[in-house]
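So you can see what is in the structure, the chains are spelled out below.
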Amino acid sequence: MADLFDGYPLGEQWDEMFGAPAQPRPPYAGLFGSLQPMSGEELAARADVLSQTYRDAGVTFAHAGEEQPFPLDIVPRVIGADEWAHIERGVAQRVHALEAFLADVYGAGQVFADRVVPRSVITTSAHFHRAAHGLVPPNGVRVHVSGIDLVRDEAGDFRVLEDNLRSPSGVSYVITNRAAMSQVLPELFGDHRIQPVADYPSKLLAALKASAPSAVADPTVVVLTPGVYNSAYFEHALLARQMGVELVEGRDLVCSGGQVSMRTTDGQQRVDVIYRRIDDEFLDPVHFRSDSVIGCAGVLNAARAGRVTIANAVGNGVADDKLIYTWVPDLIRYYLDEEPVLANADTYRLDDVDATEWVLANLDSLVLKPVDGSGGKGIVIGPRADERTLDELAVKVRQSPRDWIAQKPIGLSTSPTLIDGRIAPRHVDLRPFAVNDGTDVWVLPGGLTRVALPEGELVVNSSQGGGSKDTWVISGPRPDNAPAPDRTQIEFTTADLPAEPPAQDPGPANDNAVAQGQQQQQQQAEIPGTAVSGMRDGGTARC
Amino acid sequence: MLSRIAESLFWIGRYVERADDTARILDVHTQRLVEDPWIDEQRACHNLLALMGVPCALEEADTERVLATLAFDRVAPSSIVGALSAARENARGAREVLSAEIWESLNVTHNALPQQRTMARRYGPHSLYRFVRERSAMVFGLADATMSRDESWLFLILGRSLERVDMTSRMLSTRVLAGDAAPSWTLVLRSTGAYEPYLRTYRGAVNSSRAAEFLLLDRLFPRSVFAALEQAEGCLAELERSNVRDGHRIGVSGEAHRIVGRARTMLEFMGTDEILAKLPTRLDELQRTCSAASEAVTSRFFTEQAPQVWVPEGVG
């Protein structure tokens, strides 16, 4: 039988599964063992069921206005317990530093006085909002939810590619990927102990409630969506459903007297925390784009008055600007007095003439990224670009160097992926999600692994023909003092239990063998020949 | 209507509901084995089997055994396949009162079982659970849309409600059976289809006494024990209505009505704390209530004479 992984090519990049041909890395040992005996066709058949499950559940991603299924690859990505502990520490560290930085930017500005970051970098950022200055959130948290994009370089080290502190999307796919995989391929999970992801909504809800204005005893949380045509609408709906809160649109909210309320059948109901998935520019027509019809007028003033919490906070974009990204290691040292756990990708700022000239001279060997782009838009990969693209790029870079950063290309790691019934290597990245509730930064174990499905493609993004993989974090042994999942416990001793649960009622004993035999004889006599087979047709039910 | 037909309808209601609930419970059980990193599989399977009234030795308990007993057993009425076959068999004897659509739906379900079984072997059991849930929804949906609200409807719904009381209280018992192998309240809620309604009702994290309260006492959620008891009581009151006209003035006339009503009032008027304090006993009582009520319904409405065999008298 042809081996599923036969002829799996290993390139120069780090491969997630194999250290050497047919030699799986330790975290993959179990998965390799269960997948290897399967044939390509069998796996492909399972993959069909998997995508059917996704279609039925309506797991979609709207791309260019059209709803499309978000492809889920059948081969999971596995991360070992130690490796994960490292990522977890690094992500939490980064979130702490960026929180401190944002508090500083919209507060005292000590970081500029100490000349760690030039003030001009902030004031020229498109996402710096003066309207947010001096707005201190109730529990000090601005980055309630963040997604830190990581890639693994050729040496196998994780590096940060970018930070997302505004409204990172993709966490719903983490939840649905796991649910679909456990339905379609339960046996793959058999030999593993994998950390669960299903408690993300409850963690998020707890963090949102913790951020409510302090006077509120039982805060009302809502999720604010731009509407059903937004690319991440599926996610907004899923999170609202799993948190048991209302999913509102801008027109459902009304702000008067510094208080935000939603219109309900019982009249207006107070809203305390808005988990908004609308960009700053559209959130509040009073302060930002006055033509926005999807926001809620006055919400920012209500937040400033301390009557409502906006999560994530307004103006976070200034800290996930790709230019600020280049300073994050310094920020970690400055605010936390620690060395960064996760390194950045090697990046060049175009902040003086020499650097700009050097970059322009080496455009064909660098990756150029626009600083405020997202979703892989506008990225030019030098080694793969043609002459014309590079020429156009040079003009743009020369015009406004502030808008660009340059990075050395990283040979993203590959992971085995099912392509046309064969397993082939495809490039992957990883977006872990972190939730900050003010006392603790919790990192969802796993996060979203995105995979670039076209061969050799390096831009791994769902808006550029990407898929995803279920991401498994191997669990360590159970901690001795594992916190009980329930806050209040109903406890019983075994003495409380009934000796033996009663059996289920068996049903009437109406299959009287004698009568059945006689009925058959009757019919046989009436319609000779045919009745026998006719009876047998339906008569097998009882067996 | 004929007692025999009434009995068939009652049991169609029970069997279809049982298949539906068992499928939900098994689905969550399978998912739990996958998702909970610290689960003790053997103990969890052992508990589940004991709870469903088909205990086996601890060392023999595993997922294979659970599936064989609760999903694929073709004879036992406590397995999904067994219950659906039994429902279809009952429907076959009551074809003249069932609408053609309901009969067809049950028959199609039954005919598809072997294929579903093969599918489940190849692609994992989830497809079977899903199939069963959809088919039972279809049966009850067709009943709702095509049956007159006469006695036949009442018996069908009575059966369904009593089975629901039984299954929901069994599900609650899984949690109460405690120990490391107990599923979380979230899972208990999910396996009764109550997770999302619960979240919307309490807008927040799952908390054990609230979850137990929701599954036992919620008036609006149709799978709660209370709502199911109330529905069963309603059916029984309708079925016995003629007795009121005939001048019964004290209490209720039927034994089943009395049993169900007592259980319902116990839940309704006893303090929540009091119920939760003795939850295991209460749940056990509820399961026994169902059996007792079912027996009472049987003896009141379905009395059937054992077939008599006439033996010719011997000559002198």
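Residues numbered from 1 in each chain as written. Chains lettered and ligands numbered in written order. Predicted model: local features only at pLDDT ≥ 70, side-chain atom pairs only at ≥ 80, totals over all residues.

Some thoughts on the overall build of chain B
Part 1 of the argument: A count of helical and extended segments in chain B gives 15 helices and 0 strands.
Part 2 of the argument: At 21 Å, chain B has a C-alpha radius of gyration in line with the 20 Å of a compact globule built from 316 residues.
Part 3 of the argument: Based on the C-alpha atoms only, the size of chain B along its principal axes is roughly 70 × 50 × 50 Å.
Part 4 of the argument: When burial is assessed residue by residue, chain B has 51% of its 316 residues classed as buried.
Part 5 of the argument: Within chain B, contacts between residues at least 6 apart in sequence are counted, and of these 66% link residues at least 24 apart. (Helix = DSSP H or I, 4+ residues; strand = E, 2+ residues; numbered from the N terminus. Rg over C-alpha atoms; globule rule 2.2 N^0.38 Å. Buried ≥ 20, exposed ≤ 12 C-beta atoms within 10 Å, placed from the backbone. Contact = placed C-beta atoms within 7 Å.)

Quick word on the overall build of chain A
Part 1 of the argument: When helices and strands are tallied, chain A shows 17 helices and 25 strands.
Part 2 of the argument: Considering chain A as a whole, with its 543 residues, one finds that 43% of them fall into the buried category.
Part 3 of the argument: In chain A, the proportion of contacts linking residues at least 24 apart, taken out of those at least 6 apart, comes to 70%.

Notes on the domain arrangement of chain B
Residue and element names in this part refer to chain B.
Part 1 of the argument: Here chain B is partitioned into domain 1 (1-147) and domain 2 (148-302).
Part 2 of the argument: Here domain 1 and domain 2 have C-alpha centroids that lie 20 Å from each other.
Part 3 of the argument: Between domain 1 and domain 2, the residue contacts involve 27 residues of the former and 30 residues of the latter.
Part 4 of the argument: Taken together, the elements giving at least two residues each to the side of domain 1 that touches domain 2 come down to helix H1 (3-35) and helix H2 (41-51).
Part 5 of the argument: For the side of domain 1 that touches domain 2, the element with the highest residue contribution is H1, accounting for 16 residues. (Domains from an automatic or database assignment.)

As for the confidence of the model for chain B
Part 1 of the argument: Scored by pLDDT, chain B comes out at a mean of 86, with 92% of its residues at no less than 70.
Part 2 of the argument: Confidence estimates for the predicted assembly give a pTM of 0.83 and an ipTM of 0.76. (pLDDT = per-residue confidence, 0-100.)

Section: helix H15 (residues 387-399) of chain A
Part 1 of the argument: For H15 of chain A, which comprises 13 residues, the first-to-last C-alpha distance of 19 Å matches the rise-based estimate of 18 Å (1.5 Å per residue) to within 8%.
Part 2 of the argument: Within H15 of chain A, only 1 of the 13 residues are buried, which leaves the element largely exposed. (Expected span 1.5 Å × (residues − 1).)

Brief notes about unusual backbone geometry
Residues and elements named next belong to chain A.
Part 1 of the argument: Cis geometry is found at the peptide bond from Ala-311 to Asn-312, where omega equals -10 degrees.
Part 2 of the argument: Despite not being glycine, Asp-420 shows a phi value in the positive range, around 50 degrees.
Part 3 of the argument: Within the secondary structure layout, Asp-420 lies in the loop between strand S20 (414-419) and strand S21 (422-427).
Part 4 of the argument: A tally of 7 C-beta atoms within 10 Å means that Asp-420 is categorised as exposed.

Quick word on the packing of helix H7 (residues 151-176) of chain B against helix H15 (residues 279-301) of chain B
The geometry of a pair of packed helices is captured by two quantities: the angle between their axes and the separation between those axes.
All names here are of chain B.
Part 1 of the argument: Packing of H7 against H15 brings their axes to within 9 Å, and their N-to-C directions diverge by 160 degrees. Judged on the interaxial angle alone, H15 and H7 are roughly antiparallel. Every pair of crossing elements has a handedness; the one defined by H7 and H15 is left-handed. Across from Leu-158, Leu-162, Val-165, Asp-166, Ser-169, Arg-170, Leu-172, Ser-173 and Val-176 in H7, the residues of H15 making contact are Leu-279, Pro-280, Leu-283, Leu-286, Gln-287, Cys-290, Ala-293, Ser-294 and Val-297.
Part 2 of the argument: Taken together, the residues of the contact of H7 with H15 sort by class into 12 nonpolar, 4 polar and 2 charged. (Axes fitted to C-alpha atoms, helices over the stretch in contact; angles between N-to-C directions. Parallel < 35°, antiparallel > 145°, perpendicular 65-115°, else oblique. Left-handed = near helix turned anticlockwise from the far one by under 90°. Nonpolar A, V, L, I, M, F, W, Y, C, P; charged D, E, K, R; others polar.)

So, the nonpolar core
Part 1 of the argument: Ile-274 and Val-299 of chain A together with Leu-158 of chain B are the most contacted members of the largest nonpolar core, which totals 222 residues.
Part 2 of the argument: Of all the elements, H1 of chain B adds the most residues to this core, at 14 residues.
Part 3 of the argument: Residue contributions to this core reach at least three from each of two domains, namely domain 1 (1-147) and domain 2 (148-302) of chain B.
Part 4 of the argument: The residues touching Val-299 of chain A, leaving out its near neighbours within four places in the chain, are Cys-255, Val-260, Ile-274, Leu-283, Asp-284, Val-308 and Ile-310 of chain A. (Core = buried A, V, L, I, M, F, W, Y, C linked by C-beta atoms within 7 Å.)

What to know about the sheet that holds strand S18 (residues 380-381) of chain A
Residues and elements named next belong to chain A.
Part 1 of the argument: Strand order in this open sheet of 4 strands is S16-S19-S17-S18, and the pairing throughout is antiparallel. Of all strands in the sheet, those with a lone pairing partner are strand S16 (347-349) and S18, marking the two edges.
Part 2 of the argument: Sheet analysis places S16 next to strand S19 (residues 404-407), joined by 3 bridges and oriented antiparallel. Note on S19: the bridge partner recorded for Arg-349 is Ile-405. (Pairing = 2+ DSSP bridges.)

Examining the pairing of strand S13 (residues 273-276) of chain A
All names here are of chain A.
Part 1 of the argument: Residues Val-273 and Tyr-275 of S13 are buried on one face, and the alternating residues Ile-274 and Arg-276, pointing to the opposite face, are buried as well.
Part 2 of the argument: Relative to S13, strand S8 (residues 221-224) is paired through 4 bridges, and the arrangement is parallel. Across the sheet, residue Val-222 finds its bridge partner in S13, namely Ile-274.
Part 3 of the argument: Pairing of S13 with strand S14 (residues 309-311), which is carried by 3 bridges, proceeds in the parallel orientation.

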